[in-house]
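Analysis of the macromolecular model
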Amino acid sequence: MPKVSIIMNCHNGDKYLREAIESVYAQSFDDWEIIFWDNCSTDNSAAIAKSYDSKLLYFKSEVFTTLGAARRLALEKANSDWAGFLDCDDLWMPDKLEIQMGSLEKSDFIIAYGGMIEIKECGEKIREVLPLHKTGYQLKDQLNQFEMHLVTAMIFLPALKEYRLSFDDNVTASEEYNLFVRLAAKGVVNVIARPVAYYRVYDASLSTKKMSKWSSERRYTLEQLKSENPGLELKYPEEFKEAMARATYYDARYAYHIGDIKSAKASMKVIAKLNYKYRLLYLS
């Protein structure tokens, strides 16, 4: 058994795919496998993936699925205790696994993440994004401000089995938020306070279709949190209130995006009284 399974979900992602895979093969920590899940690609993705050795395990979906379902199916093929995630256009720094696995050994961590560097399509650096939260039980912090980015995350697979959690097939725009927040309710989180990966940002990366689902999926996730952890909202009432306010903010953001200014202002008015940041946005 390898120590780490690297989940790569792909649908027509051949443009940067070889660069992404090479960033795994360049890792200073080499006890890993790649679970490559081809979600019915029609480009050159399959040929690129199959050109590697036996450390890359290639699987082809019989039918096209949502990304949440594809991530769940790929995880079911993992042969390790820890899983990381790398999309076809992102990159890992050469010491990512060495640093993270070194901090996770002989611990009771259930999930881990670190900082990242956002890059343009050409690879030029945009900015460095470092974690604000500290190692520990983080649910309260993550409800206030979610910051676990998929490209840096590691999850403990036995915990998924213990708590019967995985990526939700019904979630199509915020898969990692849904799973990682639910995991954070169950255990301790490890944080590496430096960049460990590169995240490629596209000018058109925020599709209208995905944005339209942000608010409903946020509320869906919070309801799951409540049902899976009875009494949790009573323990963290202000944090749940803030998380719900963010859903309303997403309503406003989507309405503004499609030109419905009246609805956007109405949504912002609802949450403007909660804190200064929403008041400033409403007044602007």
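Further up the page is the structure itself.
Residues numbered from 1 in each chain as written. Predicted model: local features only at pLDDT ≥ 70, side-chain atom pairs only at ≥ 80, totals over all residues. Heavy atoms only, no water.

**What to know about the pairing of strand E4 (residues 82-85)**
As a general feature of sheets, a regular strand has side chains that alternate between the two faces. On E4, burial covers both faces: Trp82 and Gly84 on one face and Ala83 and Phe85 on the other are all buried. Taken together, the four bridges between strand E1 (residues 4-10) and E4 define a ladder with parallel strand orientation. Bridging across to E4, Ile6 finds its partner in Gly84. Summarising the sheet, E4 and strand E8 (residues 154-156) pair through three bridges and their orientation is antiparallel. Paired with Trp82 across the bridge in E8 is Phe156. (Buried < 20%, exposed > 50% of the residue type's maximum accessible area, 1.4 Å probe, protein only. Helix = DSSP H or I, 4+ residues; strand = E, 2+ residues; numbered from the N terminus. Pairing = 2+ DSSP bridges.)

**Re unusual backbone geometry**
We note that Asn12 has phi near 55 degrees; this positive angle belongs to a residue other than glycine. Along the chain, Asn12 falls in the loop between E1 and helix H1 (14-25). Taking the relative accessible area as the measure of exposure, Asn12 reaches 34% and is therefore partly exposed. Backbone geometry at Arg164 places phi at a positive 55 degrees, although glycine is not the residue there. By secondary structure assignment, the location of Arg164 is in the loop between helix H6 (157-163) and helix H7 (175-184). In this structure Arg164 comes out as exposed when scored by relative accessible area, which is 78%.

**Thoughts on H1**
In this model, H1 (12 residues) spans 17 Å end to end at C-alpha, consistent with the 16 Å of a helix rising 1.5 Å per residue. Within H1 the residues assigned to the buried category are Tyr16, Leu17, Ala20, Ile21, Ser23 and Val24. Looking straight down H1, one finds that the buried residues subtend no more than 150 degrees of arc, so they occupy a single side. Looking at the buried side of H1, the elements it contacts are E1, strand E2 (32-38), helix H2 (45-50), strand E3 (56-60), strand E5 (91-92) and strand E9 (188-200). (Expected span 1.5 Å × (residues − 1). Arc of directions from axis to C-beta. Contact = heavy atoms within 4.5 Å.)

**Some details on the nonpolar core**
Membership of the largest hydrophobic core comes to 39 residues, with the highest contact counts inside it found for Leu75, Leu139, Leu143, Ile155, Phe180, Leu183 and Leu225. At six residues, H7 tops the list of elements feeding residues into this core. Each residue touching Ile155, except ones within four places of it in the same chain, is listed here: Leu75, Asp81, Trp82, Ala83, Phe85, Ile110, Ile111, Leu160, Leu179, Phe180 and Leu183. Listed in part, the 31 residues of the second largest apolar core include Ala20, Phe36, Trp92 and Ala197. (Core = buried A, V, L, I, M, F, W, Y, C linked by side-chain atoms within 4.5 Å.)

**Observations concerning the pattern of salt bridges**
Two side chains with opposite charge may pair up if their charged atoms get near one another. Considering all chains together, one arrives at 13 salt bridges under this definition. Linking Glu118 and Arg127 is a salt bridge whose minimum nitrogen-to-oxygen distance equals 2.9 Å. We classify Glu118 as buried; its relative accessible area is 12%. Accessibility expressed as a relative area gives 45% for Arg127, which makes it partly exposed. (Salt bridge = Lys/Arg side-chain N within 4 Å of Asp/Glu carboxyl O.)

**Some thoughts on the state of the cysteines**
Linking two cysteines covalently via their sulfur atoms produces the bond known as a disulfide. Per the counting criterion, the structure on display carries zero disulfides. Of all cysteine sulfurs in the structure, the one in Cys10 sits closest to Cys88, which takes part in no disulfide; the separation is 3.5 Å. (Disulfide = S-S within 2.5 Å.)

**Comments concerning the packing of helix H11 (residues 237-257) against helix H12 (residues 261-271)**
The geometry of a pair of packed helices is captured by two quantities: the angle between their axes and the separation between those axes. Axis separation between H11 and H12 bottoms out at 7 Å; the angle between their running directions is 165 degrees. Between H11 and H12, the interaxial angle falls into the category roughly antiparallel. The hand of the H11/H12 crossing is left-handed. Between H11 and H12, the residues in contact are Ala245, Thr248, Tyr249, Asp251, Ala252, Ala255 and Tyr256 and Ile261, Ser263, Ala264, Ser267, Met268, Val270 and Ile271, respectively. (Axes fitted to C-alpha atoms, helices over the stretch in contact; angles between N-to-C directions. Parallel < 35°, antiparallel > 145°, perpendicular 65-115°, else oblique. Left-handed = near helix turned anticlockwise from the far one by under 90°.)

**Here's the deal with helix H3 (residues 67-75)**
Every buried residue belonging to H3 is among Gly68, Ala69, Ala70, Arg71, Ala74 and Leu75, and all of these are buried. The elements touched by buried residues of H3 are E1, E2, E4, E8, H6 and H7.

**Quick look at the packing of aromatic side chains**
Enumeration over the complete set of coordinates arrives at 11 aromatic pairs. On the numbers, 5.9 Å between centres and 20 degrees between planes, the contact of Phe36 with Tyr58 is stacked. Of this pair, Phe36 sits in strand E2 while Tyr58 is found in strand E3, placing the two residues 22 residues apart along the sequence. Ring geometry for Trp82 versus Phe156: centroids 5.1 Å apart, planes at 45 degrees, classification tilted. With a gap of 74 residues between them, Trp82 in strand E4 and Phe156 in strand E8 connect regions that are remote in the sequence. Aromatic rings pair up to connect Tyr25, Trp32 and Tyr52 into one cluster. (Phe/Tyr/Trp six-rings, centres within 6.5 Å; stacked < 30°, edge-to-face > 60°.)

**Points about the environment of Asp260**
Within the secondary structure, Asp260 is located in the loop between H11 and H12. Between the C-alpha atoms of Asp260 and Tyr249, which are 11 residues apart in sequence, the distance is 14 Å. Looking at Asp260, its side chain comes within polar contact range of the side chain of Ser263, at 2.7 Å. (Polar contact = N/O pair within 3.5 Å; in protein donor to acceptor, adjacent residues only side chain to side chain.)

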